[in-house]
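As a plain string of letters, each chain reads:
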Amino acid sequence: MASKAAWQLRAVTCIDLTTLAGDDTATNVRRLCYKALHPIRPELLKTMDMASAGVTTAAVCVYPNRVADCWKSMENFHAKIPIASVATGFPTGQTPLETRLEEIRRAVQDGASEVDIVINRTLALGGDWKGVYDEVQHMRKACGEAHMKTILATGELGSLVNVYKASMVCMMAGADFIKTSTGKEGVNATFPVALVMVRAIRDYYERTRHKVGFKPAGGIRTAKDACTWLMLMKEELGDDWTQPQLFRIGASALLGDIERQLYHFVTGRYPASYQIPLA
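Residues numbered from 1 in each chain as written. Predicted model: local features only at pLDDT ≥ 70, side-chain atom pairs only at ≥ 80, totals over all residues. Heavy atoms only, no water.

A. Looking closely at the pattern of salt bridges. Per the stated rule, a full pass over the model turns up 22 salt bridges. A salt bridge links Glu114 to Lys149, with the nearest nitrogen and oxygen atoms 2.7 Å apart. With Glu114 in strand S4 (residues 114-118) and Lys149 in strand S5 (residues 147-151), the pair connects residues that are 35 residues apart, well separated along the chain. Under the relative-accessibility criterion, Lys149 is labelled buried at 1%. A salt bridge links Asp116 to Lys179; the shortest N-O distance between them is 2.9 Å. (Salt bridge = Lys/Arg side-chain N within 4 Å of Asp/Glu carboxyl O. Helix = DSSP H or I, 4+ residues; strand = E, 2+ residues; numbered from the N terminus. Buried < 20%, exposed > 50% of the residue type's maximum accessible area, 1.4 Å probe, protein only.)

In structure tokens:
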């Protein structure tokens, strides 16, 4: 049980805590930032002898218009974790290239240190891989020093062959991470697709000795799911890919279930909803 709890805590540190809703406001973004900075109740961490470990989520992830709200919230809390912004016409990418690039630049200017971009599925489905490469390379340049996570939207790529090709092309173009999905497709993070992407990362590393991260997103809601994803990374890529520098989970509801499971580990019972109100 202790090792299970340890992996659940590891999962917490790999979460990009996300809100991507049409009704996002400065208030709920502030709440998101607070929860990211304090993901697990202090008394639970104290009981597990983790009170001084500085457990936070890996980042918060929001729309570009909410990046400034995140930055302000972090300043008010006198703390900071990375701010990630989706961009480039998320989730469809169906806007002109210059508009997508400007969206990246604005997000970085407002304080985003990570940018989750979406690839042009039209180009990918048409087999124009040079076009995909060129666009992602332009996006890499627009990100500047910000980390770039490239969303493949695998549920819309049509085949596992296209998933592999898109993974390799995006890594060659400068992606720091490749990411399964926007969370808005009909099919999001699945293990068959993940295995193709993870093995593309391994192939790329064997050829270049350059490590690229992996981020599944969409439909990951339970602590059991999170630990399964971590085991996939450990078995296929090694321990380095179980750390937030190379592995992230895009999720909004997942953290609540992990906190619930840790509460059970510490107390032997599950909490009532009012006992973990920010989950």
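B. The sheet that holds strand S6 (residues 177-179), seen in detail. Pairing is parallel across the open sheet formed by eight strands, whose spatial order is S7-S6-S5-S4-S3-S2-S1-S8. Taken across any chain shown, the strands that pair with only one partner, and hence form the sheet edges, are strand S7 (213-215) and strand S8 (249-251). The average undirected angle you get between the axes of adjacent strands in this sheet is 25°. Of the pairings in the sheet, the one linking strand S1 (residues 15-18) to S8 comprises three bridges and is parallel in character. What sits directly across from Asp16, in S8, is Gly250. (Pairing = 2+ DSSP bridges. Axes fitted to C-alpha atoms, helices over the stretch in contact; angles between N-to-C directions.)

C. Inspection of the packing of aromatic side chains at higher detail. Under the counting rule described, the total for this entry stands at five aromatic pairs. On the numbers, 6.0 Å between centres and 75° between planes, the contact of Tyr63 with Phe90 is edge-to-face. Here Phe90 lies in the loop between strand S3 (83-86) and helix H5 (97-110) and Tyr63 lies in the loop between strand S2 (59-62) and helix H4 (67-76), a separation of 27 residues in the sequence. The exposure class of Tyr63 is partly exposed, given its relative accessible area of 24%. Between Tyr205 and Trp241 the ring centres are 6.0 Å apart and the planes differ by 75°, which places this aromatic pair in the edge-to-face class. (Phe/Tyr/Trp six-rings, centres within 6.5 Å; stacked < 30°, edge-to-face > 60°.)

D. Geometry of helix H11 (residues 254-267). Over its 14 residues, H11 runs 20 Å from end to end, which matches the ideal 20 Å to within 8%, given 1.5 Å per residue. Buried within H11 are the following residues: Leu254, Leu255, Gly256, Asp257, Ile258, Glu259, Gln261, Leu262 and Tyr263. At its buried positions, H11 is contacted by helix H1 (2-12), S1, helix H2 (26-37), helix H3 (42-47), helix H10 (223-236) and S8. (Expected span 1.5 Å × (residues − 1). Contact = heavy atoms within 4.5 Å.)

E. Representation of the packing of helix H9 (residues 191-208) against H10 in the model. Relative orientation of the contacting elements H9 and H10 amounts to 35°, with a least axis distance of 11 Å. For the pair H9 and H10, the crossing hand works out as right-handed. The residues of H10 that touch H9, namely those facing Phe191, Ala194, Leu195, Val198, Arg199 and Arg202, are Thr228, Trp229, Leu232, Met233 and Glu236. (Left-handed = near helix turned anticlockwise from the far one by under 90°.)

F. A look at the environment of Val12. Turning to its location among the elements, Val12 is positioned in helix H1. Val12 sits in the buried class, given a relative accessible area of 0%. Residues Val12 and Val55, spaced 43 residues apart in sequence, show a C-alpha to C-alpha distance of 7.8 Å. With near-sequence residues (within four places) excluded, Val12 lies in contact with Pro39, Ile40, Val55, Thr56, Thr57, Ala58, Leu255 and Ile258.

G. Summary view of the layout of surface pockets. Taken as a whole, the largest pocket holds about 310 Å³ of empty space. Lining the largest pocket are 20 residues, and of these Gly183, Gly218, Gly250, Ala251 and Ser252 lie nearest its centre. Looking at the lining of the largest pocket residue by residue, the classes come out as seven nonpolar, nine polar and four charged. (1 Å grid on protein atoms, 1.4 Å probe; cavity = no way out; pocket = protein on both sides within 12 Å on 5 of 7 lines; lining within 4 Å. Points joined across faces, edges and corners; volume = space filled by probe spheres on them. Nonpolar A, V, L, I, M, F, W, Y, C, P; charged D, E, K, R; others polar.)

H. Structural context of H9. Between its first and last C-alpha, H9 extends 25 Å over 18 residues, near the 26 Å set by a 1.5 Å rise per residue. Along H9, the residues classified as buried are Val193, Ala194, Val196, Met197, Val198, Ala200, Ile201 and Tyr204. Downstream of H9 by a residue or two, Arg209 has a phi angle that is positive, lying close to 65°.

I. Examining the pairing of S2 more closely. Both faces of S2 are covered, namely the face carrying Ala59 and Cys61 and the face carrying Val60 and Val62. Judged from the three bridges that link them, S1 and S2 form a sheet pairing that is parallel. Paired with Asp16 across the strands is Ala59, a residue of S2. Here three bridges tie S2 to S3, and the two strands are oriented parallel to one another.

J. Focus on the packing of H5 against helix H7 (residues 129-143). Orientation of H5 relative to H7, taken along the N-to-C sense of each, is 25°, at an axis distance of 9 Å. The orientation of H5 with respect to H7, classified from their angle, is roughly parallel. Helix-helix and strand crossings are classified by hand; for H5 and H7 the assignment is right-handed. Residue-level inspection shows Leu97, Arg100, Leu101, Ile104, Arg105 and Val108 of H5 in contact with H7, the latter providing Glu135, His138, Met139, Ala142 and Cys143. A class-by-class count of the residues in the contact of H5 with H7 yields seven nonpolar, one polar and three charged. (Parallel < 35°, antiparallel > 145°, perpendicular 65-115°, else oblique.)

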